[in-house]
Structures are given as C-alpha cells and as structure tokens.
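# Observations on chain architecture
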Amino acid sequence: QVHLVESGGGVVQPGGSLRLSCTSSINVFEFNDMGWYRQAPGKERELVATINVGERTNYADSVKGRFTISRDNAKNTIYLQMNSLKPEDTAIYYCNARVLRHNNWGQGTQDTVSS
C-alpha cells in the first residue's frame, strides 16, 4: 500500500504564506510524478502543480509566480510553498502520486485565506 500524509494547511490572511508537505510511505523517486491538486467549495478538483522524476515542474496558470513545488528524496516528501495567497486559493489541497496510470491520493488538508 502507498500512503500519502499531508500537513501544513491552516488559516492565513491574504498575502500570507503557507507551506504544505506530503510524505510518502515509499521512495518518491519511484513515482512518475507527484503533485498537488485542490478543490474549492462548489468546484471540481483541479491541478495546482506537478513535479516528475527529472525534476521538471508544471503549474496552473493561476498560481504561476506564487507557488513553488519541490521534492526531497531523502525525506520521501514533496512540498508546496504558497506565497501571496489570495482568497480564491481557499480549498482543500490534495497530494497526488502517479505510477503509470495509477494515482494515489492523500486525505487532503484545508487551506483558508481570509481577512
């Protein structure tokens, strides 16, 4: 079984920052890619950022320049540094890890951006 454990969510004011962590029960190098998705109230789950084995990254247009995804192989962990947060970033954030066409998901962590 693959387990993904997320942490780092919370409540921040607009313009603030959060750093999310996702720790895998297996070596993250064995995944084709990992990433973060989010689901806001009343909306479908959407891609936020991904990082693959070759350290190539991809970001949703809405978070480019504000969010940074990274990976620490020694800790079997990926991170999402979120800066300049906006109220529209409020969502449950989910960690994802893909092996071929199989996706593994974390339980989600709440990020609330509010004045």
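Quantities reported herein were computed from a predicted structural model and do not represent experimental measurements.

## Topic: the overall build of the chain
Helix and strand counts for the chain come out as 0 helices and 11 strands. Of the regular secondary structure in the chain, the N- to C-terminal order runs β-β-β-β-β-β-β-β-β-β-β. Taken over the C-alpha trace, the chain has a radius of gyration of 13 Å; the compact-globule value for 115 residues is 13 Å, and the two agree within 12%. By its C-alpha atoms, the chain is 40 × 25 × 25 Å across when sized along the principal axes. Per-residue burial over the chain gives 43% buried out of 115 residues. Sequence separation of 24 or more characterises 53% of the internal contacts of the chain that already satisfy a separation of 6 or more. Looking at the chain as shown, the accessible area adds up to about 6,200 Å², and 47% of this sits on carbon and sulfur atoms. Between the centroid of the 12 positive side chains of the chain and the centroid of its 11 negative side chains there is a distance of 3 Å.

## Focus on the side chain of Arg71
Examined against the element boundaries, Arg71 turns out to sit in strand β7 (residues 67-72). Among the polar contacts listed, one links the side chain of Arg71 to the side chain of Glu55, at a separation of 2.4 Å. Side-chain polar atoms of Arg71 contact the side chain of Asn73, separated by 2.8 Å. For Arg71, the contacting residues outside a window of four places in its chain are Val28, Ile51, Asn52, Val53, Glu55, Thr77 and Ile78.

## Remarks on the pattern of salt bridges
Within the structure shown, the criterion is met by 6 salt bridges. Ionic pairing is found between Arg71 and Glu55, a salt bridge with its closest N-O pair at 2.4 Å. On the criterion of sequence distance, the pair formed by Arg71 in strand β7 and Glu55 in the loop between β5 (46-52) and β6 (57-59) is long-range, its members being 16 residues apart. Of the residues examined, Glu55 reaches a relative accessible area of 41% and is grouped as partly exposed.

## With respect to the side chain of Thr77
In this fold, Thr77 is placed in strand β8 (residues 77-82). For Thr77, the side chain forms a polar contact with the side chain of Thr23, separated by 3.0 Å.

## Focus: the environment of Val63
The residue Val63 is located in the loop between β6 and β7 in this model. Expressed as a C-alpha distance, the spacing of Val63 and Ser17, which sit 46 residues apart in the sequence, is 13 Å.

## Quick look at the pairing of β7
Residues of β7 alternate between two faces, with Phe67, Ile69 and Arg71 buried on one and Thr68, Ser70 and Asp72 left unburied on the opposite face. The pairing of β7 with β8 spans 6 bridges and is antiparallel. Each bridged residue has a counterpart across the sheet, and for Phe67 the counterpart in β8 is Met82. The hairpin turn running from β7 into β8, its antiparallel successor, is 4 residues long, and Asn76 in that turn takes a positive phi close to 55°.

Rules and cut-offs
- Within each chain, residues carry numbers counting from 1 in the order of the written sequence.
- In keeping with the model being predicted, local features are shown solely for residues with a pLDDT of at least 70 and side-chain atom pairs are shown and tallied solely at 80 or more, while totals for entire chains, interfaces and linings include all residues.
- Side-chain descriptors were evaluated using all non-hydrogen atoms of the structure, hydrogens and water having been removed beforehand.
- Secondary structure elements follow DSSP: runs of H or I no shorter than four residues count as helices, runs of E no shorter than two count as strands, and numbering proceeds from the N terminus.
- Here the globule rule is a power law, 2.2 Å times the number of residues to the power 0.38, and the radius of gyration is based on C-alpha atoms.
- Residue burial is assigned from relative accessible area. The probe radius is 1.4 Å, only protein chains are included, and a residue is buried under 20% of its type maximum, exposed over 50%, and partly exposed in between.
- Throughout, a contact is declared for two residues whenever any of their heavy atoms are within 4.5 Å.
- Residue-level accessible areas treat just the shown protein chains as cover; the underlying method is Shrake-Rupley with a 1.4 Å probe.
- Only four residue types enter the charge count: Lys and Arg as positive, Asp and Glu as negative, with His and the chain ends excluded.
- Note that the charge is assigned to NZ on lysines, CZ on arginines, CG on aspartates and CD on glutamates.
- Contacts described as polar in this section are N or O atom pairs within 3.5 Å, which, within protein, must combine one atom able to donate a hydrogen with one able to accept it, while residues neighboring in sequence count only if both atoms come from side chains.
- For this analysis, a salt bridge means a side-chain nitrogen from Lys or Arg found within 4 Å of a carboxyl oxygen belonging to Asp or Glu.
- Whether two strands pair depends on DSSP finding at least two bridges between them.

Structural measurements only, silent on function.
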